[in-house]
Every structure is written in structure tokens, then in C-alpha cells.
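# Remarks on the overall topology
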Protein chains: 2
Amino acid sequence: MEDRPGGVGVVRTYGYSGGVTFPVVGMVGGGQLARMTHEAGIPLGIRFKLLSDTPQDSAAQVVSEVVIGDYRDLDTLRAFAQGCDVITFDHEHVPTEHLRALEADGIPVRPGPDALVHAQDKGVMRAKLDAIGVPCPRHRLVADPADVERFAAEGSPGGRAGETGFPVVLKTVRGGYDGKGVWVVRDAKEAEEPFRAGVPVLAEEKVDFVRELAANVVRSPHGQAVSYPVVESIQVDGVCDTVIAPAPGLSDELSAHAQELALRIAKELGVVGHLAVELFETRDGRVLVNELAMRPHNSGHWTQDGAITSQFANHVRAVLDLPLGDPRPRAKWTVMANVLGGDYPDMYYAYLHCMARDPGLKIHMYGKDVKPGRKVGHVNTYGDDLADVRERAAHAAGYLRGTITE
Amino acid sequence: MEDRPGGVGVVRTYGYSGGVTFPVVGMVGGGQLARMTHEAGIPLGIRFKLLSDTPQDSAAQVVSEVVIGDYRDLDTLRAFAQGCDVITFDHEHVPTEHLRALEADGIPVRPGPDALVHAQDKGVMRAKLDAIGVPCPRHRLVADPADVERFAAEGSPGGRAGETGFPVVLKTVRGGYDGKGVWVVRDAKEAEEPFRAGVPVLAEEKVDFVRELAANVVRSPHGQAVSYPVVESIQVDGVCDTVIAPAPGLSDELSAHAQELALRIAKELGVVGHLAVELFETRDGRVLVNELAMRPHNSGHWTQDGAITSQFANHVRAVLDLPLGDPRPRAKWTVMANVLGGDYPDMYYAYLHCMARDPGLKIHMYGKDVKPGRKVGHVNTYGDDLADVRERAAHAAGYLRGTITE
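Residues numbered from 1 in each chain as written. Chains lettered and ligands numbered in written order. Predicted model: local features only at pLDDT ≥ 70, side-chain atom pairs only at ≥ 80, totals over all residues. Heavy atoms only, no water.

### What about the overall build of chain A?
Our working definition: Under the DSSP-based scheme used, a helix requires at least four consecutive residues in state H or I and a strand at least two consecutive residues in state E, with every element numbered from the N terminus. This radius of gyration counts C-alpha atoms alone. The globule rule is 2.2 Å times how many residues there are, raised to the power 0.38. Working rule for contacts: check all heavy atoms of both residues, and any pair within 4.5 Å makes them a contact. Each accessible area value is a Shrake-Rupley result obtained with a 1.4 Å probe; residue values ignore everything except the protein chains displayed when judging cover. We count Lys and Arg on the positive side and Asp and Glu on the negative side, and we leave His and both chain ends out. A single reference atom marks each charge: NZ on Lys, CZ on Arg, CG on Asp, CD on Glu.
When its secondary structure is counted, chain A shows eleven helices and 17 strands. Its C-alpha radius of gyration of 22 Å places chain A within 12% of the 22 Å reference for a compact globule of 406 residues. Expressed as lengths along the three principal axes of its C-alpha atoms, the size of chain A is roughly 75 × 55 × 40 Å. Across chain A, every contact between residues at least 6 apart in sequence was considered, and the portion connecting residues at least 24 apart equals 60%. Just so you have it, chain A exposes about 14700 Å², and 49% of that area is on carbon and sulfur atoms. Each charge class in chain A was averaged separately, 43 positive and 55 negative side chains, and the resulting centres sit 1 Å apart.

Printed below as a string of C-alpha cells:
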């Protein structure tokens, strides 16, 4: 028996007998994104290896090969990377210099540090998006509360008349997520808080948006890319609550423009894997980039049940430089609703009612302890009638949380 | 925080903090059915524990909690069952007396030994199906080659004229699968072989069938059941090659009859979990039961990508006595083609061509070493045009095997 010729992007082989070269994907971080990436990788027959903080982490509960360790420690990362064909991420917190060290060791890191820094540092991200002509909210780094006041007095973007004005959005350039590290301030006095951590602070105009959208794309090392339908993302208290795919009523023109922007960002920043581009749709019919995430993303969870190929499966295919899967939707409408922790510590009993009420409901739980407000899972529903599909998702998420009791 | 009242069928709790009672499903056997059941269980947030012969087994590669041991040893089974809320199976080979011992220990065994024996012993199965009036090929236990000759000379079923005649199908009552333990003999001389093992032998008429069908149902302990569309199963050399869902051209009447038979068998035999009823469709428009399998089954693999709820997800829901998921198809046609081992030990490189050729192809590999003729995976395709969907599945399976090279 001889090996078939060819093959792309695989530099090491797992210890199967018989000369088999199914690769090992190493994922840093044991959260739900790693859990669902493992789930999506099982059908491909690849090996999945996890670096997790604790054995109780969401992904560590379901993965066979788990290394418990601290991703901030280079020796730990290096030891983990041994025997991996490629390293990818559940989160964007691995220090850039560590990623460069792994690359110097010959380990493919996807997305690589030069791309990932744009998802780690909002200052770098804004500078790059400006440079490639991607529309963003007006922004600049600010030095102190007085500088925030000056920012507010400066002109608004797009050549429109008048000053930016308060409120102003302030963000620490590193470390924020789900509304953390973000402040909306009404004056210089309120602007004091963000500077206390001693981290650089970015000021942004508070965009008068109609709604939030997300354009999700996946790109592979040799440059193939696929684009999912643009979705609407509904936030509650700074946390994603509901995603509707595709975004209802979005014009073909704006949809194509948002997808083109996301594909351009992926290419120009050298992203490999899944890229989520969170967007504001403005009242005057434009889109502005809010945030970037270079990993599977909450705004793409609907793809597990609503698209031909899920974001997780395509992320795995991309980091392995395999041809990407079809991103098209399988249903007219798919709705994802996040399940947050509520007053009931045990959501399992709630399955009985939810499953009996809606046999088409798709539950995705993360194996996390329930804490009030914590994302512990999500549900997907799909169908032809958007109102019905939304009601089913909202009911299940609310019932699991405990805010709906019938 | 208080526990929500209610809950069915869960007797133990996993060691989460916070009083969480997500159950632990213990599965005996580390084959691909366990691998895919684990994959389907991840979204439910349940714990999955595996008893596997070796750490290299298909499921053991991807499951976190694996016990390596011999399922034929009662002490091993008992130790494994500790901490499991329910025991279910990747195969039907666990001795009945061991299952009764686990039940006596208070462990729910699903399907239970009284049901499972019908999938373990073809003699018991035929006697029971006769008793409940389910149509089967003419059959009886035979003592020796001379008795096979007498069987062939006896009358054919359904009151039709003439003798059964040769060829006759001989089956050892226990231990057969994928054509093993089955002989088609043309005379008494050829009938000597099956008796050499000293196992009871069942003789069956060789049915003049048009094609093979499978009616798959899932039943839960409290009696809810769902029925998947009846599929056509195409065998090559006694091994399932292709499954088409739904069975093309099947009349509504025969489809409903086959589903009714499967639901009746599940109920009368007390099956819990997935039941596959393999059927012959005869030239005169009847269906006869060929085999039963009480576990997820090859004829139901199409449901992973072609049904709203897969057989694996519904098997998990059934053994946990959760409400069952919607079994309806998501596409007009779904085709499953098994991937058998061929001359190439490495199927990974073949992904490049298969995925590039067909971005909608769904590959399911089992992590098994390639051996010629061994089932190492399957592919699913779906769409509106049956000829196209079949061609895509056949091409991918052939290319992965190495019998198609372009």
C-alpha cells in the first residue's frame, strides 16, 4: 500500500498505525467554542487536543486529549504544541510574543500573531481598518478625561457638520469582551473610571445605529474564503441575546457590501479561520465596523443547525487548509437565543418541558455551572415563519433560564 | 436557589458543583456508534462515559471519560456502571445475565435484557415476531444438514403452492453481523459448514425480494416513540453500501405499514432507544422482517445530516427518558454511502479532492485504521435531485476508498 500523493498544510502525523496522517488540531482554551469545535471535528476523524485551565472547563469535559495548564506560560504552550499539526484558539488572550515563539519553533499558528493582534488590541485594529479604508465609528486613542472632552468637541465623521458630542464610548484597548472593558460616558467626570487600570483607552463616537449586524467569513491559508449570510445580532445589557439569520429586511446591496467588507478585512489582515465582523447599521444606511473576533463567534452559532457547514466545521477546515464547506443556509430563517444563568442551578429538568413543547428545538449546553447572567448555552430554531421561529427560541431560552415558567 | 421540581428517569447525579443533575450516560463498546452518540450528546450537556476494549477504539479517541475493560467481565461492567445514570450499548454482545445483574444493582439498562435478547438471538427474535404476528421469511431452527433438506422440502409461507426449495439461508442464532454467521446453501452438502461451530442454526427461506428497506424508530421508557422515514438499503457482498432516504417509489401504504410494524415491534419487545428493523420488500408487495438491531444503526446514519433530529441524538434522549426529537427529513433526498477501506492506508489526503469537488459533502470518519473492506466511515449528501445526490455520495465514498481516482 502506498501513500496517495499531495496534501497541504500538515507537517506532523499522529501515531496511528498504518502510516495514517490525520492531523492533530491543538486548541488553546477550554471554553464552549473549543467544546463545539471538538464536536464539529469528530466527523472529520482528526485528533483534537486541548489546553485548558482546569479539567472542569466546558471543553475539557468532552475532549479525550486534554493538557491542563496556563496559556500565559510559554513553556506550557511549547509542551502542548508538541505533537500538534496546528494551533488555534478558543479565545484571543494568548500573548503575541508567545505565538511568535511557537511559530519560530515551526508550529503553524492559525490565525497567526500578525492577524490576531487586530482582535487583541482595539487600537491596532482601528488603525489598520482606517488604513485599508474600512468604515468605522470615529475614534482615537485618548490620554485622560480632558482628552475625552476634546474628542467629544472634535468633528463627526463623514464630513457631517457639528461636533461628535457626548456620550462617548471608551474602551480599554485590550482585555474587553461581552461589555466588559467598555464604558459609555456622558461627561469628563464619568470618563475617569476607564483610565484607572492604566491601560491605553480608545474613544469612539456613540453611533446612532438602527441595529447591530454581523458578517462572518472563514478564510484558509491558501486564500479560499466563504461568507455566511449577514445576521442581525440583538444585544441586551451589552451581551448578545438573539441572532437572526439572515438579517431581516437587509437590502441585497448592504448585505453584499457587509460581506465584501468582511472578506476584505480577512484578506488584508491575513486571517486564517473564522472571522466575525460586528457591525452597526446606521440610520443613513451605512455599516460601520464595531468589533472583530478571530475565532468561532456567538453570532455564528446559528450555523450549527441553520447552515450547510457550521462555523466550527469551517474553522477546523480552514486551520487545516482543507477546502471550505458550503456556508449557505438550510432554512429560510434560523434564530439563535443565548441561554443565560438564572435562579435555577439545574437546567436539566427544564429539558422535559422544552423538548416536549418543541420537538424541533436544538439545545446546545456548555456543561457550565449556572451563575446568574452567565452564558451557559444557546438554542437554535429554524423554519419558514420568522415570528414563530423567534418565539420558539425566546421561549426555550427563557424557560431554561427560569424567566418563563410555562 | 432551589431545584426545579420534576424530572424523569435520572437516579444519580454527576459531580458538578451547584447541585446540577445533568446525567451520565454510560455506553458499552467503543465503536463508531459510540463515537457518534458522544458527538450527538455534547450539545445536551450530558456526561458520556465509555467502556472500551482499547484506548485506540473509535469512540475512545474522542471521549473524555473512558474505562478500558472487557464487557464480558461482570466485575468490569459493575465498576463501569458506578456513577452512570443509565447504561446503553454500541453493540448487542453483552451477556444477558450480566445485564440482569446490573439491573439487580439498580442501574437502568436501556434497552433492557428482555428486549435486547431479541437482537442477540435470532431464534428468540423469530419466535417473538411470529407470536405478535409480524411477517417474517419462513424459518425454523434446524438440527443438521439432513434437517435443512427437510426444511427445503416443506411448504412455502403465505399458503402459496410448492416447497420452499433451495437455496436456503442458514444463520447461527448468535454472533453474526455484516454477513458473518450467514450462509446461503444450495444443497445439504453445503449446509455442513454452519453446524461446525456447535451453535444453534436457524434456517430461513431465501426471499425473492425486490430490494431491502429499513424502518427505524426510537422509543422511550414511558412509551413515546418516533418513526423515521422508511429507507432503501443497498447491500454489496452482504455489507451495507448505500442508504437512500426516503426509499424511492415506496407507496404511502407500504411505508405506513413498515413504520407501523417497527413501532409495534418496539412496543411489544419493550425496546428503549433506537430500533432498526431491516426489511425485505417482496415482488408481491409485502414486507418481511429480516433483522433487528437495538442501537443506532448504519441504516440511520443519514439522519445526522438529513433529519431534524439524528438517530444518535434521539437514542440519547430515549435512554434518558427525555421527550424525543422531530424525526422528519430536512431534505427531499438524503443518501448515505459507506466508506470501506481500500488500498490506500491514508484517506486524509483524499479529503482535498472530495471537499473541493463538493462543498456540501458531509464526511463522517471513525478514526479507524484502514483495512481492505473494513467500514471506516461514511458520507452523507442531500438535495432535490436524487440522481445527483447519489452520484455525489458514490463518488466521495469511492474516491476515499481509492476505487475512483478522479
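### A closer look at the UniProt feature "binding site: ATP" (unreviewed entry) in chain A
Residue and element names in this part refer to chain A. Rule in force here: UniProt positions are given in the numbering used here, feature names are shortened, and annotations may be inferred rather than shown by experiment. Note on classification: 1.4 Å probe, protein chains only; a residue is buried when its accessible area is under 20% of the maximum for its type, exposed when over 50%, partly exposed between these limits. Counting of polar contacts relies on pairs of N or O atoms within 3.5 Å, with two restrictions inside protein: one atom must be capable of donating a hydrogen and the other of accepting it, and residues adjacent in sequence are counted only when both atoms are side-chain atoms.
Per the UniProt entry, the sites bearing "binding site: ATP" (unreviewed entry) are Lys122, Lys171, Glu204, Glu205, Lys206, Val207, Glu212, Asn290 and Glu291 in this numbering. Relative to the helices and strands, Glu212 resides in strand S9 (residues 209-219). Its relative accessible area of 13% is what places Glu212 among the buried residues. Non-local contacts of Glu212, meaning those with residues more than four positions away in its chain, are made with Val231, Glu232, Ser233, Gln235, Leu279, Phe280 and Asn290. Residues within four places of Glu291 in sequence aside, it is in contact with Lys122, Met125, Lys171, Ala276, Val277 and Glu278. Of note is the side chain of Glu291, whose polar atom sits 2.9 Å from the side chain of Lys171.

### A word on the domain arrangement of chain A
All names here are of chain A. What counts, and what does not: Residue ranges labeled as domains rest on an automatic or database domain assignment. By salt bridge we mean one thing: a side-chain nitrogen of Lys or Arg within 4 Å of a carboxyl oxygen of Asp or Glu. Only Asp, Glu, Lys and Arg are considered charged, only Ala, Val, Leu, Ile, Met, Phe, Trp, Tyr, Cys and Pro nonpolar, and every remaining residue, Gly among them, polar.
For chain A, the assigned domains read domain 1 (24-109), domain 2 (138-205) and domain 3 (209-401). If you average the C-alpha positions of domain 1 and of domain 3, the two centres end up 23 Å apart. Contact residues are listed per partner, giving 18 residues for domain 1 and 20 residues for domain 3. For the pair domain 1 and domain 3, the interface holds one salt bridge. Across the pair Glu92 and Arg295 runs a salt bridge, and its minimum N-O distance is 3.4 Å. On inspection of domain 1 and its partner domain 3, the count reaches eight residue pairs in polar contact (both at pLDDT 80 or more). For the side of domain 1 that touches domain 3, the secondary structure elements donating two or more residues are helix H1 (32-41) and strand S4 (86-89). In terms of residue class, the side of domain 1 that touches domain 3 is made up of eight nonpolar, six polar and four charged.

### Focus on the relation of the copies chain A and chain B
Mapping between the two chain copies consists of a rotation about an axis together with a translation along that axis. Formally: The fit set for superposing copies consists of C-alpha atoms from residues with pLDDT of at least 70 in both; the fit itself is least squares.
Rotating chain A by 180° and translating it 0.0 Å along the rotation axis places it on chain B, where the RMSD comes to 0.0 Å. Both copies are brought into coincidence by an operation consistent with a two-fold rotation axis. Minimal C-alpha separation from the rotation axis in chain A is found for Ser64 of chain A, amounting to 2.1 Å.

### As for the sheet that holds strand S1 (residues 24-28) of chain A
Residue and element names in this part refer to chain A. Short version of the rule: Two strands are said to pair when DSSP picks up at least two bridges between them. Working convention: axes come from line fits to C-alpha atoms, limited for helices to the stretch in contact. Angles between N-to-C directions cover 0 to 180 degrees.
The parallel open sheet is built from four strands, whose spatial order is S3-S2-S1-S4. Edge positions in the sheet fall to strand S3 (65-68) and S4, since each of these pairs with one other strand and no more. This sheet shows a mean twist of 25° between the axes of neighbouring strands, independent of strand direction. For strand S2 (residues 47-52) and S3, the ladder comprises four bridges, and the chain directions are parallel. Across the sheet, residue Leu50 finds its bridge partner in S3, namely Val66.

### Some details on helix H7 (residues 252-269) of chain B
Residues and elements named next belong to chain B. This is how it is decided: Given the number of residues in a helix, its expected span is that number minus one, multiplied by 1.5 Å. Here the arc refers to the set of directions running from the helix axis out to each C-beta atom.
Helix length check: H7 (18 residues) gives 26 Å between terminal C-alpha atoms against 26 Å at 1.5 Å per residue, within 8%. When we look at burial in H7, the residues that qualify are Leu254, Ser255, Ala258, Gln259, Leu261, Ala262, Ile265, Ala266 and Leu269. The arc that holds every buried residue of H7, seen down its axis, measures 150°, which confines them to one face. Along H7, exposed side chains directed more than 90 degrees from the buried face belong to Asp252, Glu253 and Lys267. Considering only its buried residues, H7 is in contact with helix H4 (113-120), helix H5 (122-131), strand S9 (209-219), strand S10 (225-227), strand S13 (273-282) and strand S14 (287-293).

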